[in-house]
Structures are given as C-alpha cells and as structure tokens.
Amino acid sequence: MDFLKDSDPSVFEAICLEEERQRDELELIASENYTSPAVMEAVGSVLTNKYAEGLPGRRYYGGCTHVDTVERLAIERAKQLFGADHVNVQPHAGATANQAVYYAALEIGDKVLGMDLAQGGHLTHGMKLNFSGRWYPTISYGLDPKTERIDYDGIVRLAREHKPKLILAGASAHPRIIDFARIAEVAREVGSIFMVDMAHIAGLVAGGHHPNPVPVADFVTTTTHKTLRGPRGGIAMCRADWAKKLDSAVFPGLQGGPLMHVIAGKAVCFGEALRPDFKAYGAQVIANAKVLAEELMSAGFRLVSGGTDNHLILIDMTSKGLTGKIAEVALGRAGITVNKNLIPFDTRKPLDPSGIRMGTAALTTRGLREDAFKQVASWIVRILDAADDKVLAERTRLEIVEFARYYPVPADALSGIGS
Ligand code: DSN
C-alpha cells in the first residue's frame, strides 16, 4: 500500500494496525472470516470506479461491457452453487437483501412470522426498532426451553393461528441444524411465502454440510462474508416467478448503483466455493466447532443446546459465575476475540447478556485443525477461570501471538509477509 502510505499516513497506519490485530489475535467471532487474496484484489480493483445501475445487458450507463461480464459470472456461479432459479448479487449487505425480499413480497402492514432476536434470530427478522418490526407486524417464534432447539411445533401453531403473509427462517446465534423442509411444509399449508436467511451457514450449505433451503423456499438471502468467506455484502435468491419483483426491489426500489468491485469479489468467492477444497474447509469448520464445544463442556461450561452441529457455539457464562461482557473483555485482553450474546431465555440485557458466541470459520481458514482448537480451548478456560488476572492475560496474549505465527492470514500473501 505504498500509495496510501504516502498520501494518507493516518488511514494507512490504522489499516496496518488492524492487519496486525487480525494476524496476532485469535478471531472467534462467529460471523467473521478471512477472505482470500484473490477476493481482496477484486474488491480493491478499478471496478470501484464504475456506475452500472440496472442489470447486465440492461444498464443506465455506457461502458458496462466488462462489469457485465463480472456480474454475469457472479450470478451464474451463485446459481450453480446453491441450485437457485434466480439470483440478484447487488444487495450491499445481508440486511439490504432481506429488505429487498420484504419489498418484493409484502405490502407494509403484512404479517410476518420470524425467529425472535433474543432466541437467536436477527435484527431484520422483526426486531421492533428495525424496519422489519416497524413496518411489518411480526409474530416471533423461538426455542423449546428444554432442548434449546427450534420449537417447530410452536411454529406450526403460530402459523395456523396467525396465517402470516411470510414465514422467515434463519438465525444468527443458533448452533443446530435448521429443518427448513419442516417449516416450508407449514408455510405451504397456511399459504405463506417462505423466506430463509442463511447468512451464517451459507458456506456450510455450499459445501453440502447443512440442508440447502433453496429447493424448499420462495426466497433465500445470505451475506457473502461469513462461512461463505467472500467480501462483505449480500445476495438474494428466489424462485423464477419472483425474479422480476426481486430485481426491481433491489434497484430501483432500494439501491442505486451496485458496488461492482464487491460484486467482482462475490464472483471470485463463489468460484472458490465451487471447488472441492471448499467442501473440505466446511467439514473442518464443523469438526473444529465440535472439539471446541467438547473441550469447554468438559471444563464445566454450559453450552446452549448442549453442543453444536454447525460453525458456532453459545456459552452460558453464568455457568461459571461470569457474564458475557466480563468474559468478552477478559478474553479480549488475551487476544481472543469473541462477542457477548444473549442466550435463549436470558434474564440479562443485550448490552450485558449472559452469553458468549464463538465460531470457528475464521481460524479454520488460517489452517487450525482439531489439536490446535484444543489448545485454543485451553487458553479460553485458563482466562475465564481467572477473568480478573491481567498478568495471566498478558502472558497468554504473548503465547497466542507466538502460536498465531504458525497460521498465516490470507492477507500475508498480499503484503509479502512470509514470502
Ligand atoms: N451481525 C451479524 C452477526 O454477527 O451475526 C449478523 O448479521
């Protein structure tokens, strides 16, 4: 980044420090990952200069020949990856992709049945301060209090009672497989549109490790930067009969010019996810999450639902007399990055909840396997068993920096580190 260094040393320095943080710390935020150097090159390319309102072949600007090629590649690869009839790759984010589906399928005031944010859902699934909860009366479903797994019978009951215009499945903090086919069945029975937000698990779906919602849903949205390991952004997919409405909801409904450099990154990401090694990556993500879960449970931590089927775990920190906030800060001092999170039926508040959410997608990208995750788990246990001990945290941080050197981050290839 020689040009940036000369022209804007302040931004340059902040980026360098973030690069260092990403290299030296153990990234366990379940919604984060490291993109490949190829994705980063595409996102940092000249495509950022181009306006391309419209769709490939039907633009409102000249000079779109090459960005058309890129967008067509992104669309075709996403269709192939997930088996979708139709894909719009322009949403700037997962939230925008969700908004586009609402815009395409609903009128303001239509009823939605979605998963409660406090039980693992997402802001855009009807939280009252979000557009979804403000404009679309939302009935929330949640988990069975005993098993802490989705209460499918509850969904059926609520769907029959309220006959929502749209039923939304998907979660941002649920460690178990979601039975999309079962929810699709009741949506069909009561005449609801069925939408799935698979943002967290899209990479696992792409690798064949989680049931694919595309064959059973009318709409499927995802971000591209979580387990899918692409650039920060979103996409929205639908059955052929919704295609026109979805496209016009994205543009001109909600967005102007698409971010063509990000769409290029999405195309590269989908190309990578179509390769056999991406399937192996997904399997390793899940194997690592299981090891992390087992190690923490055998050290006395209570995990929501007693384990995991996917890339994430939710730990009830009250099982160790801690809160999520205290645990996040204590782990952060040692260079272990996590986020505090509500646990199901939490009696605490979102900014000071009882839980911690951890995911294995990012560290698996760095090459950590089961044995390395046992080591990571032992550091977590060490820190949380003495959450106030700053000296221990500093000693652990130094051990982690040393350990992390053996697991290069993809950005190292771009900056020439280790070459
Ligand atoms: N904010 C994301 C997460 O952390 O799960 C969901 O969009």
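Below: a short report on this structure. (Residues numbered from 1 in each chain as written. Predicted model: local features only at pLDDT ≥ 70, side-chain atom pairs only at ≥ 80, totals over all residues. Heavy atoms only, no water.)

1. Side note on the environment of Gln22
Threshold: Per the convention used, a helix needs a DSSP run of H or I reaching at least four residues, while a strand needs a run of E reaching at least two, with both numbered from the N terminus. We call two residues in contact when some of their heavy atoms are within 4.5 Å.
Position of Gln22 relative to the elements: it lies in helix H2 (residues 9-24). For the pair formed by Gln22 and Ala334, sequence separation is 312 residues and the distance between their alpha carbons is 14 Å. Dropping the residues within four chain positions of it, Gln22 is found in contact with Tyr34, Arg366 and Val409.

2. Regarding the layout of surface pockets
Definition in use: Using a 1 Å grid laid over the protein atoms alone, points where a 1.4 Å probe fits but cannot get out form a cavity; open sets with protein on both sides within 12 Å along at least 5 of 7 lines form a pocket; any residue with an atom within 4 Å of a point counts as lining. Grid points are joined across faces, edges and corners, and a volume is the space filled by probe spheres set on the points.
Quantified by volume, the largest pocket comes out at close to 1,000 Å³. As for the largest pocket, its lining consists of 29 residues, and the residues nearest its centre are Ile15, Gln22, Thr35, Met40 and Ala411. For the lining of the largest pocket, the secondary structure elements donating two or more residues are H2, helix H3 (37-43) and helix H17 (411-415). By residue number, the principal contributor to the lining of the largest pocket is H2, which donates 9 residues.

3. Thoughts on the sheet that holds strand S15 (residues 355-359)
Quick note on the threshold: At least two bridges found by DSSP between two strands is the condition for calling them paired. For helices, the fitted axis covers only the stretch in contact; all axes are lines through C-alpha atoms, and the angles between them, taken along N-to-C directions, range from 0 to 180 degrees.
Read across the sheet, 4 strands follow the order S11-S12-S15-S14 without closing on themselves; strand pairing throughout is antiparallel. The strands lining the two open edges of the sheet, one partner per strand, are strand S11 (302-303) and strand S14 (339-341). Here S11 pairs with strand S12 (residues 312-316) via 2 bridges, running antiparallel. Bridge pairing in S12 places Leu303 opposite Ile315. Against the sheet, helix H13 (residues 324-333) engages S14 and S15, with an angle of about 45° to S15.

In short, shape yes, function no, at least from these values alone.
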